[in-house]
Amino acid sequence: MSYEFILARVEGKVGIVQFNRPKALNALSPGLMGEAMTAVETFDADPAIGAIVITGSERAFAAGADIKEMAQASVVEMLGNPFIDYWDRLRRVRKPVIAAVSGFALGGGCELAMACDMIVASESAQFGQPEINLGVIPGAGGTQRMTRAVGKALAMEIVLNDRRLSAAEAQQFGLVNRVVPVEVYLEEAVKLAQQIAERAPVALQMAKEAINAVYEMPLQSGLAHERRLFYMLFATADQKEGMDAFVNKRKADWQGK
Ligand code: CAA
């Protein structure tokens, strides 16, 4: 499929979605988000793909939702616009999704990275929620996910006073998995995705679902949910294969069944 605002390609078992609006610093217009989610959902449905990487350019992962497209909108238009649903659609992707972030990850760009499962950042990455400068607040999860990641005190500074986090700070506060030199950030993210993509596919999905349940359920319900998913995996061929491979000291051959 050919796209106007993104590039999509496959490396091994990894589907890579790259924002491609360099002149607008990858501002997330409805057109770009629509194409990006189509590509992500296509990879999610493809049995040959085990993990997905979302990235931008060295200068900008994404400088936020497209301000020019929103500037004149009325509240009724915003309410009737499915635009922010794209971020929710990312949350429903079943395969692991890694954001490879360099340069600006601001506003909706930061929210998009936080909606992914892991973040590999380049040393130049900068995370922030500058919506306060526009007279609004984050609308795609920024107040919720940032606060869960870095805690209330720092989240208040980030959202109320446009405090930006450097890559090193983002790692220190647990927002990103690792920080690597700019030249290799995408390569490192794809390498991590390839490693994950080699693992048992159904167990990967259940593991992701169980961890994400932390954000949606109280502890007792989360523990019960995890237990059910754990038991459910005993209905898969991969569980039999994985345990037999261990017992017989051989490498498991995952079928995703
Ligand atoms: N929307 C639309 N266009 C954007 C954009 C955005 N979010 N961010 C940058 N651009 C455009 C600029 O308008 C400019 O276009 P022109 O050349 O046509 O003027 C081009 O990208 C380059 O930007 P700058 O000249 O501003 O580059 P800079 O290096 O001086 O500054 C920046 C970079 C600090 C990222 C600055 O562009 C900036 O502050 N951008 C806006 C960041 C922002 O406020 N993001 C939040 C958006 S709202 C949101 O995301 C809501 C939500 O929660 C869903």
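Residues numbered from 1 in each chain as written. Predicted model: local features only at pLDDT ≥ 70, side-chain atom pairs only at ≥ 80, totals over all residues. Heavy atoms only, no water.

1. Remarks on a nonpolar patch on the surface
Right, on to step 1. Taken together, Phe230, Tyr231, Phe234 and Met243 make up a surface patch of nonpolar side chains, about 440 Å² in accessible area.
Right, on to step 2. Topologically, phenylalanine 234 is positioned in the loop between α11 (219-232) and α12 (237-247). (Patch = residues over 30% accessible without salt bridge, like charges linked within 9 Å, V, L, I, M, F, W, Y side chains within 5 Å. Areas by Shrake-Rupley, 256 points an atom, 1.4 Å probe, with all protein chains shown as cover. Salt bridge = Lys/Arg side-chain N within 4 Å of Asp/Glu carboxyl O. Helix = DSSP H or I, 4+ residues; strand = E, 2+ residues; numbered from the N terminus.)

2. A short note on the site of the ligand
Right, on to step 1. Surveying the vicinity of the ligand reveals 23 residues, the closest of which are Arg59, Ile67, Gly108, Glu111 and Glu131.
Right, on to step 2. Residue alanine 63 places a main-chain N or O atom 3.0 Å away from a nitrogen atom belonging to the ligand.
Right, on to step 3. For the ligand, the accessible surface in isolation is 990 Å², of which the surrounding protein chains cover 65%.
Right, on to step 4. Going through the elements one at a time, α2 (67-70), β6 (104-106) and α5 (108-115) are the ones with two or more residues in the shell around the ligand. (Near = heavy atom within 4 Å. Polar contact = N/O pair within 3.5 Å; in protein donor to acceptor, adjacent residues only side chain to side chain.)

3. Focus on the packing of helix α6 (residues 142-150) against helix α7 (residues 152-161)
Right, on to step 1. Packing of α6 against α7 brings their axes to within 7 Å, and their N-to-C directions diverge by 140°. Classed by the angle they form, the pair α6 and α7 counts as oblique. Read as a crossing pair, α6 and α7 show a hand that is right-handed. Across the interface between the two elements, Thr143, Met146, Thr147 and Val150 of α6 pack against Lys152, Leu154, Ala155, Ile158 and Val159 of α7. (Axes fitted to C-alpha atoms, helices over the stretch in contact; angles between N-to-C directions. Parallel < 35°, antiparallel > 145°, perpendicular 65-115°, else oblique. Left-handed = near helix turned anticlockwise from the far one by under 90°. Contact = heavy atoms within 4.5 Å.)

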